[in-house]
Every structure is written in structure tokens, then in C-alpha cells.
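Per-entry structural report
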Amino acid sequence: MKKSRLKSFALLVFTTVVLLGCGEKDNTTSTVADKAETFQWKLVTSWPKNFPGLGMAPEKFAQYVDEMSGGRLTVKVYGAGELVPGFEVFDAVSQGTVQMGHSGAYYWKGKMPAAPIFSAIPFGMTATEFNAWLHYGGGLALWQELYQPFGVVPMAGGNSGAQFAGWFKKEINSIEDLKGLKMRIPGLGGEVLKRAGAIPVTLTGGEIFSSLQSGAIDASEWVGPYNDLAFGFHQVAEYYYSSVWHETGTTLEFLVNEKALNALPKDLQKIVEIAARAVNEDTLDEYNARNNNALKDLVKKHQVKLRQFPPEVMQALKGYTEEVISEQAENDENFAKVWSSYSESLQTMREYNDLTLKEYYQNR
């Protein structure tokens, strides 16, 4: 009897150990499987494939994600028109056709009047001021809130810094010279020019050269010397205006499909976030490093006529800007909400920068 009980107890212990061992093995196997699971994403852009600065930002993002994830998340980048047209990037991400996009928020003004604030506001923040507002002043949370109904998660995806006023086929000596001018310019800058009597036209970057060449437009802004030289605008427009007013620190954006992001393991979600943040800073660094050498090339080698808007033109544009922003805030609740946060942060940083950097630049 004792031997039988002892034998039964031993069998019970053995069975328990085996079952526990199986459980531990299953958990380990499950963890390994999670780590081994791979994801393949598609990323569409509003820029030509591999275009300097703008087009390389998503390429670098894909590289960083692949390296940091050990190949568990790979991102294939498509230039404008390769998979979807440049101005349909937002819809493609929202609908889940692709997992990601790279573009500029001011292109979605028709969907969300407040969207341009997250790209560029005339006479607004510099790149460093904008990044500070986004990541430490509540701007990013407002951006995510604005896009959430569309199932899209936005992240800052690079900054081109202060942009030139653009390329013109004739000199601008007064505000009257803007009347009737057909100019490629997006976002609120276009609305401001319309007040001055110009005709704003929306075109993707790849359409600008042929439009200037054919006479479909009389002028165009794009980015600045580094990118403008690459597109060869000096071949079709004589005057290059360096005045900074419409895009004082233009932020690009990564658009992520919310469901696709949530389907990733937590560590891969964090890799996406960190890679975007790295590209955001890297892109600004590149523009700061490349712009002036490109400008020297345009002026010395290609004999571009560099100009600045007269003070009266700048003052008029600033006055029109205030009118446009006031009306947008009155007509759209989201615009008013975002603008309140933006303008409060701008005022705070401007006070400090006027006290420090402004005097430093003058003394240097």
C-alpha cells in the first residue's frame, strides 16, 4: 500500500514537472516567434524618388528602421507618381493602401484648414522654434488630434529651414507687380498672395520646371538653393528672391496609418518614432550645410540675379498674413485652437531669441 502511494505520488510529481516544463517552453517559443515576426511596409511621397533633401528623408528613414530593427521591419519607398500621385499621399495612408507617407501638411488645407500650421505659417516660427513647440509645447499632440479622425498618425519628418521667396521672370519692385502674377505657391502663403492680387497655383515639385518654361506660371517658390539648383530653375527664370516670408522653417511630415502602427510590437513602434525624430534633425542639418554653397554656384556659375523684396512689399505681405490668419481662426474651430497654442509659443520664444540670438547675429 505504501509502495503504491509512493508510486502514485512520484507519477504526480513527474507529470507536474513535465507540464510546467512544457509551459515554459511554449512561452519561450512564443517570445522568439514575436521577435522573429517581420513586417513589410510601403511608403509613398510627394517628391521625386531620391531627390536631394526632401526625397532622401524617407530613404534615410527606411535605412534607420531596417538597421535598428535588425530587418524585422522593412520600408520600401516610392517617389511621387510611382504608386500614387504626389497630392494623394494622405488619402493613400488614411485608406490603408500603404502604411506610410512623406509629404507636407499644407497640401491638406482642403481637408483640414488647420493643417498648414503644421508645415509653415507666413512670418511664423523658425525650424528650431517649430521643433520646440511640437515636442515641448503641445504642438505634436494637437497635430495628432487633428489627423486622428482620418486614422493617420503624423510625425515631424524633416525641416528645410528658411525658404527663399522664389523664382520670378520679372523684377518685383512694388506690391503692384504681384497683381495678376501666376505663381506656384501652396498653403497660407498662396492665400496671402491672392490678397495681393496674385494667382496662386498648386503644383508638385516635378511640374514646376515645365510650367515655368511653358509660361503656364510666371513665378514659383520651391525650397531654397540646394533643391532649386537640383531642379534647374535658373534655366527658366531670371530673378531669384531670397526674402524669407512665406515658409520660415518648413516642416515635412511622416504620415503613418494608425492601424498599421498599432499592429507592430511595441519595440518596433518605438523604432518608427525614433527613426522619424532622427530624420527630422538630420534633414535640417543637411539643408543648413548645403544651401550657401548651392547659392554661390547659382550666382557665380549660372549668373542668377539675386534680389530681395522691397520693404513695402514685405510690409504689405505681413498685413495680408494677419488678415488671412484672423479669418481662418474665425471660420474654423480647429484652426483657432491650434493657432492659439502656436502663437503663444511663438511669442514666448521670440522674446527670448530677440534678447539673445538677434543681438548676437548683429554683433557677429
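So, here is what we can say about the structure in this document. (Residues numbered from 1 in each chain as written. Predicted model: local features only at pLDDT ≥ 70, side-chain atom pairs only at ≥ 80, totals over all residues. Heavy atoms only, no water.)

A few points about unusual backbone geometry
Although it is not a glycine, N50 adopts a positive phi angle of roughly 65 degrees. Mapped onto the fold, N50 is located in the loop between β1 (39-45) and α2 (56-69). Residue class for N50 comes out partly exposed when judged on its relative accessible area of 41%. Notably, Q303 is not glycine yet its phi reads approximately 60 degrees, a positive angle. By the secondary structure assignment, Q303 is in the loop between α10 (266-301) and β11 (305-307). Q303 gets classed as exposed once you look at its relative accessible area, which sits at 58%. (Helix = DSSP H or I, 4+ residues; strand = E, 2+ residues; numbered from the N terminus. Buried < 20%, exposed > 50% of the residue type's maximum accessible area, 1.4 Å probe, protein only.)

Quick look at the pairing of β1
Burial within β1 is extensive, with five of its seven residues counted as buried. The handedness of the β1 to strand β2 (residues 73-78) crossover, carried by α2, is right-handed. (Right-handed = clockwise from strand over helix to strand, strands pointing away.)

Observations regarding the pattern of salt bridges
One pass over the full model with this rule turns up 14 salt bridges. Of the charged contacts, one joins R307 and E171 as a salt bridge, the two residues approaching to 3.0 Å between their closest N and O atoms. You can see R307 sitting in strand β11 and its partner E171 sitting in the loop between β5 (166-168) and β6 (182-184), a full 136 residues away along the chain. When its relative accessible area of 28% is taken as the criterion, R307 is described as partly exposed. The shortest N-O distance in the salt bridge between E323 and R195 comes to 3.1 Å. Here the residue E323 occupies a position in helix α11 (residues 311-331), and R195 occupies one in helix α6 (residues 187-195), the gap between them amounting to 128 residues. Residue E323 is classed as partly exposed on the basis of its relative accessible area, which comes to 39%. (Salt bridge = Lys/Arg side-chain N within 4 Å of Asp/Glu carboxyl O.)

Geometric descriptors of this kind do not, in isolation, establish any biological role.
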